[in-house]
Amino acid sequence: MSMRTHYTSQVMPEDEGREVTIAGWVYKIRDLGKLKFIVLRDGMGIIQVTLKKGSVNESLISFAEDLREEDVVLITGAVKATKIAPGGRELVPSKIEVLSKTLGPVPVSVSGNIESNLDTRFDHRVLDLRRPEVAAVFRVQSKLLEGMQEYLWKEGFQQVFTPCLMGAASESGAEAFPVVYFNKSAFLRQDPQLHRQLVVISGMDRIYDLGPSWRAELSHTPRHLCEHRGCAVELGFIRDEYDVMKVEEELVRSGVAKVVSNCKEELELIGVEVVVPQVPFPEVKFPDVYSILEEYGKKIPYEEDYDRESETILAKHVKEKYKSDFFFVNRFPFRVKPFYVMKVDGDQTWARSVDLVCKGLELSSGGQREHRYDKIIGQIRKKGMSTVGLKWFTEFFRYGAPPHGGFNIGIERLTMQLLDLQNVQEAALFPRTPERLLP
């Protein structure tokens, strides 16, 4: 049974006169002589505790003199409605118990009075997460995922868990983390996609996997993490990549709608306005991408992929033309895409490969996969890869594989773009970068 009877968010002005017990951290202390205020913070919000001479026991006022910010306390008292307190209510205490004392000055400002740089914040991440506006990011992220999963459940998608350890690098070996696996070499997965495809071929043709992936990229940008989470969706019996795009845009819409309806206080703390996006999302396609970019003075060689600057330009174009932050880029050149994507049968220069972009940043890659055994073997050879090394994957395409496709949308990147965060590390509880492996 919990020590507390209520979280701070559960104490309402209508509870006036009711005795409740709350627990958390001393967030701020204000001493006005005959009036002392303790602002208590828990995982759900804050509440003001008021000690006024003549209204509370003198021993409580003396006891409160020794309290320091970030002490952990248990407080029992009566609720009092008041318009001048946060949330329109305060607590008049009858009992205060210290559960844990801080043993020294807190190395980062939890109250936000002093702003620390990112490195300092992440060195002391546990304390940084106590800041209400930082914790709010992860409550938003939780609701975002909740809304996404609600859509998937409603549409009949089954949650599965695919392996994180791979016997071979699924994409570029240079970007894979090798690990020791007994007396063999293994790799941390870069994407759960290949196993998702095999699950669809097994007969479970509407599935999703929520989990981590790893990229051994020596990237030092606000957009990159070495470990990230994704909502990876795969579905079978599709007509083309547009069936996949429809699922992804509805998934995003459902997640954002959940945030808008459930996270008003969190969004105010973070200081951002979030709007539910309209569907369908706009689409730009290759080779039209080249002419759009050229209109903005950016020339990309034909059949080449675009760069980061181009992504930003396309976002500007879409915002001006369609008033949308989200858009799809479709039909990438096959030569720059992995072996498993499906080519456009009418013009094999292009692939049914789709990126979802938000505010100029790629959130996911996906599209339609090649399900025909002879085609996929031919594409492996064309990419200069070993058909023997990929037999564990391709073998099952010989025994009946339905047309299928999917995507993996990055949770941290989606959170970052939705909340206008400056660095994707702010959307990870404990970010992993080339330099950071602790805490």
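Preceding this paragraph is the structure being described.
Computed from a prediction, not measured in an experiment: that's the story for all the values here.

1. Digging into the overall build of the protein
Alright, step 1. Broken down by element type, the protein carries 12 helices and 18 strands.
Alright, step 2. By the burial criterion, 51% of the 439 residues in the protein qualify as buried.
Alright, step 3. For the protein, the proportion of contacts with a sequence separation of at least 24, taken over those separated by at least 6, is 65%.
Alright, step 4. Put simply, the protein shows about 21,100 Å² of open surface, and 53% of that area lies on carbon and sulfur atoms.
Alright, step 5. Looking at the protein, you have 59 positive and 63 negative side-chain charges, and the mean spots of the two groups are 1 Å apart.

2. A short note on the environment of Trp 214
Alright, step 1. If you trace the backbone, Trp 214 turns up in strand β10 (residues 206–214).
Alright, step 2. Spatially, the C-alpha atoms of Trp 214 and Phe 334 are 24 Å apart, while their sequence positions differ by 120 residues.
Alright, step 3. Separated by 2.9 Å, the side chains of Trp 214 and Glu 227 make a polar contact.

3. Things to note about the sheet that holds strand β7 (residues 165–166)
Alright, step 1. Pairing within the open sheet is antiparallel, and its three strands lie in the order β7-β9-β8. The open sheet terminates on both sides in strands that have one partner only, identified here as β7 and β8 (178–181).
Alright, step 2. In this structure, β8 lies alongside strand β9 (residues 184–188), joined through four bridges in antiparallel fashion. Bridge pairing in β9 places Val 180 opposite Ser 185.

4. Focus on the pairing of strand β3 (residues 45–52)
Alright, step 1. Where strand β2 (residues 35–42) lies against β3, eight bridges are found, and the strand directions are antiparallel. Bridge assignment links Leu 35 to a residue of β3, and that residue is Lys 52.
Alright, step 2. Relative to strand β5 (residues 89–100), β3 is paired through two bridges, and the arrangement is parallel. Looking at β5, one finds that Gln 48 is bridged to Glu 90.

5. Quick look at a nonpolar patch on the surface
Alright, step 1. Judged by side-chain polarity, Val 126, Leu 429 and Phe 430 come together as a nonpolar surface patch covering roughly 260 Å² of accessible area.
Alright, step 2. Looking at the element boundaries, Phe 430 is found in the segment after α12 (411–419).

Rules and cut-offs
Residues numbered from 1 in each chain as written. Predicted model: local features only at pLDDT ≥ 70, side-chain atom pairs only at ≥ 80, totals over all residues. Heavy atoms only, no water. Helix = DSSP H or I, 4+ residues; strand = E, 2+ residues; numbered from the N terminus. Buried < 20%, exposed > 50% of the residue type's maximum accessible area, 1.4 Å probe, protein only. Contact = heavy atoms within 4.5 Å. Areas by Shrake-Rupley, 256 points an atom, 1.4 Å probe, with all protein chains shown as cover. Lys, Arg positive; Asp, Glu negative; His and termini not counted. Charge placed at Lys NZ, Arg CZ, Asp CG, Glu CD. Polar contact = N/O pair within 3.5 Å; in protein donor to acceptor, adjacent residues only side chain to side chain. Pairing = 2+ DSSP bridges. Patch = residues over 30% accessible without salt bridge, like charges linked within 9 Å, V, L, I, M, F, W, Y side chains within 5 Å. Salt bridge = Lys/Arg side-chain N within 4 Å of Asp/Glu carboxyl O.

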